[in-house]
Amino acid sequence: METERLVVQEAGAQVGMRRDVVVVQVRGREVGRARLQGLRRVELLGDVELTATARRKLLQQDVDVVLFTRRGRYVGRLVSAENQHGERRLAQLSLCLDPERRLAGARAIVAAKLRGQAALLQRFQRRGKDLRAEVAALVANCRRLDAVDTLDAVRGVEGLGARLYFQGLGKALTHPTVRFTGRNRRPPRDPVNACLSFAYTMLLSEIESVVRASGLDPGCGLLHEAGRGNPVLAFDLMEPFRVVVDRMVWGLFNRGQLTELDFVEPPADPDAVGDPELARAEPEEAQGIDGDEDVPPGGEGEGGGEGEGGVEGEGGVEGEGCGARGRAVVPCYAGPTARRALVAGMAAAWETRHSFLVPDASHALRDVARMQAEAMCRHVEGRDDVLKVFTFRG
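Residues numbered from 1 in each chain as written. Predicted model: local features only at pLDDT ≥ 70, side-chain atom pairs only at ≥ 80, totals over all residues. Heavy atoms only, no water.

## With respect to the overall build of the protein chain
What counts here: The helix and strand labels rest on DSSP assignments: H or I over at least four residues marks a helix, E over at least two residues marks a strand, and numbering proceeds from the N terminus. Each residue gets one of three labels from its accessible area relative to the maximum for its type: buried under 20%, exposed over 50%, partly exposed in between, using a 1.4 Å probe on protein chains only. We call two residues contacting when some pair of their heavy atoms lies within 4.5 Å. Using a 1.4 Å probe, the Shrake-Rupley method yields the accessible areas, and only the shown protein chains count as cover for residues.
Scanning the protein chain from N- to C-terminus turns up 10 helices and 14 strands. Looking at the protein chain as a whole, 55% of its 394 residues qualify as buried. Considering only contacts within the protein chain whose residues lie at least 6 apart along the sequence, 68% involve residues at least 24 apart. Summed over its atoms, the accessible surface of the protein chain is roughly 16,900 Å², and 50% of this surface lies on carbon and sulfur atoms.

## As for the side chain of D236
This is how it is decided: Only four residue types enter the charge count: Lys and Arg as positive, Asp and Glu as negative, with His and the chain ends excluded. Just to be clear on terms, a salt bridge is a Lys or Arg side-chain nitrogen sitting within 4 Å of an Asp or Glu carboxyl oxygen. Counting of polar contacts relies on pairs of N or O atoms within 3.5 Å, with two restrictions inside protein: one atom must be capable of donating a hydrogen and the other of accepting it, and residues adjacent in sequence are counted only when both atoms are side-chain atoms.
Its location among the elements puts D236 in helix 7 (residues 232–238). One buried charged residue, D236, forms no salt bridge at all, with the nearest opposite charge on R102 at 6.7 Å. A polar contact of 2.6 Å, which involves the side chain of D236, links it to the side chain of H224. With near-sequence residues (within four places) excluded, D236 lies in contact with I109, G221, L222, L223 and H224.

## Topic: the packing of helix 3 (residues 99–126) against helix 8 (residues 242–254)
Just so we agree on the cut-off: Here an axis means a line fitted to C-alpha atoms, over the contact stretch when the element is a helix, while the angle between two N-to-C directions is reported on a 0 to 180 degree scale. Throughout this description, any angle smaller than 35 degrees is read as roughly parallel, any larger than 145 degrees as roughly antiparallel, any in the 65 to 115 degree range as roughly perpendicular, and the remainder as oblique. Two helices cross in a left-handed way if the nearer one is turned anticlockwise from the farther one by less than a right angle. They cross in a right-handed way if the turn is clockwise. When residues are sorted by character, Ala, Val, Leu, Ile, Met, Phe, Trp, Tyr, Cys and Pro go into the nonpolar class, Asp, Glu, Lys and Arg into the charged class, and all the rest, Gly among them, into the polar class.
It is the contact of helix 3 with helix 8, at a shortest axis distance of 9 Å, that shows an interaxial angle of 25 degrees. In terms of orientation, helix 3 and helix 8 fall into the roughly parallel class. Classified by chirality, the crossing of helix 8 by helix 3 is right-handed. Of the residues in helix 8, those touching helix 3 at K113, G116, Q117, L120, R123 and F124 are R242, V243, D246, R247, W250 and N254. Residues that form the contact of helix 3 with helix 8 fall into these classes: four nonpolar, three polar and five charged.

## Thoughts on the environment of A226
Mapped onto the elements, A226 comes out in the loop between helix 6 (191–213) and helix 7. What makes A226 exposed here is its relative accessible area of 56%. A C-alpha to C-alpha distance of 9.8 Å links A226 and C96, two positions 130 residues apart in sequence. Excluding its chain neighbours within four sequence positions, the residues that come into contact with A226 are G219 and V232.

## What about the nonpolar core?
Nonpolar side chains tend toward joint burial in soluble globular proteins. Stated formally: Residues enter a nonpolar core if they are buried and are Ala, Val, Leu, Ile, Met, Phe, Trp, Tyr or Cys, with the set joined through side-chain atoms within 4.5 Å.
One finds I207, V249 and W250 to be the most contacted residues of the largest nonpolar core, which totals 94 residues. In this structure, V8, L39, V42 and L50 belong to the second largest nonpolar core, which totals 19 residues.

## With respect to the pairing of strand 4 (residues 29–35)
Test applied: Two strands qualify as a pair provided that DSSP identifies no fewer than 2 bridges between them.
In this structure, strand 3 (residues 21–26) lies alongside strand 4, joined through six bridges in antiparallel fashion. Looking across to strand 4, one finds that V24 is bridged to G32. A loop of two residues connects strand 3 with strand 4, the two strands running antiparallel in sequence, and R27 in this loop sits at a positive phi of about 50 degrees.

## Focus on the sheet that holds strand 5 (residues 41–45)
Spatially, four strands are ordered 1-5-7-8 in an open sheet, and the strand pairing comes out mixed. Across the chains shown, the open sheet's two edge strands, defined by having one partner strand only, are strand 1 (5–8) and strand 8 (74–78). Strand-to-strand, the axes of this sheet are offset by a mean angle of 15 degrees, without reference to chain direction. With four bridges connecting them, strand 7 (residues 64–68) and strand 8 associate as antiparallel partners. Residue pairing for strand 8: V65 is matched across the bridge by L78. Across the sheet, helix 6 lies against strand 1, strand 5, strand 7 and strand 8, angled at about 25 degrees from strand 8, the strand it touches most.

## Observations regarding the environment of R70
When you line up the elements, R70 lands in the loop between strand 7 and strand 8. As a C-alpha pair, R70 and L44 span 26 residues in sequence and 8.6 Å in three-dimensional space.

## Overview of the packing of helix 8 against helix 9 (residues 336–351)
It is at 10 Å that the axes of helix 8 and helix 9 come closest, and there the two elements cross at 130 degrees. Judged by the inter-axis angle, helix 8 sits oblique to helix 9. Crossing of helix 8 against helix 9: the hand is right-handed. Every residue of helix 9 that contacts helix 8 at V244, V245, M248, V249 and L252 is listed here: A341, L342, G345, M346 and A349.

## Structural notes on unusual backbone geometry
It is generally the case that most residues other than glycine have a negative phi and that most peptide bonds are trans. The amide bond that connects R186 to the next residue, P187, takes the cis arrangement and shows omega of 5 degrees. Structurally, P187 is set in the loop between helix 5 (151–172) and helix 6. Although it is not a glycine, D62 sits at a positive phi angle of roughly 55 degrees. For D62, the location among the structural elements is in the loop between helix 1 (52–60) and strand 7. For R186, which is not glycine, the phi dihedral falls at a positive 50 degrees. Counting through the fold element by element, R186 comes out in the loop between helix 5 and helix 6. Accessibility expressed as a relative area gives 23% for R186, which makes it partly exposed.

This is the structure in structure tokens:
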């Protein structure tokens, strides 16, 4: 089977090679395979073994191998020899050190994100939800970008937009028992936020991959501040793509594919949901906050990241369901059913068609991500004066 992406999340799985075929086995039984030719990305979640032969061949073929905990927290990646785009990276650094050009790029990113958020709310409005107030406020907020003249002010516009947007999304959730009253993270405290954090992490790893492949330095960005080893350019470029993830997550809940029973609170093991034998197993990182490392803010107390103005846990759910125990903050994580649904949902999202750069043409989202990195390269090198940014159009 020829595929661009292989995702392995079965506990105890081993990924090995059989000639030019990547083979996945669990306790000696083959559960999946993919031809090395055409394979672009391998994602390993949790306790998955990668044999030495598979590691060597994947690196030789420049296949991106990305590792996550089973709760979805990004761990790291295997990287082959770095590219030789020294001049491009020097031009990128020059751009990031130019206050006016950096501000213009940050404005473009936030404007595209806000327009995409308004488009998704309008999509839900066409399906019978009264979101006119939130859409109008988002559009008015986007217009404020033309008047702001500092990065902090841009982040402030983004933060206000996020509050309006998630307020509208809360109204668009039609699941009979699951509620969403706002974004919370580090740790996520309810099923919807657990899904968002998990899926945002997968989105970030994909965007970082295309950034690296294009020869850009992921550690040097426009909207987000560099530091702590964060891939801040990937943070920047993923912002307009988040709305596609949001649409996917809302679809899972609104169609009833996920319920509270698919999520778990520590110290329970996420793999033990619905399995009394696994429930007696030792939990992995039970006290950790896995699955919530989607995007840190631009700096301490600043906006950026998810556009929440640096407010952790705003609008959290207390007193009901997963993520609430009295007034204590309790993490909520996706169990195996939810993780499988999210992995499948992300795979489908990457295949959805969107317009970008080429008039009257549509492209798979995975190709749009590559095109976005290429557009950033053209802007960095001065071939495009204005940074062109993907905008979700509903």
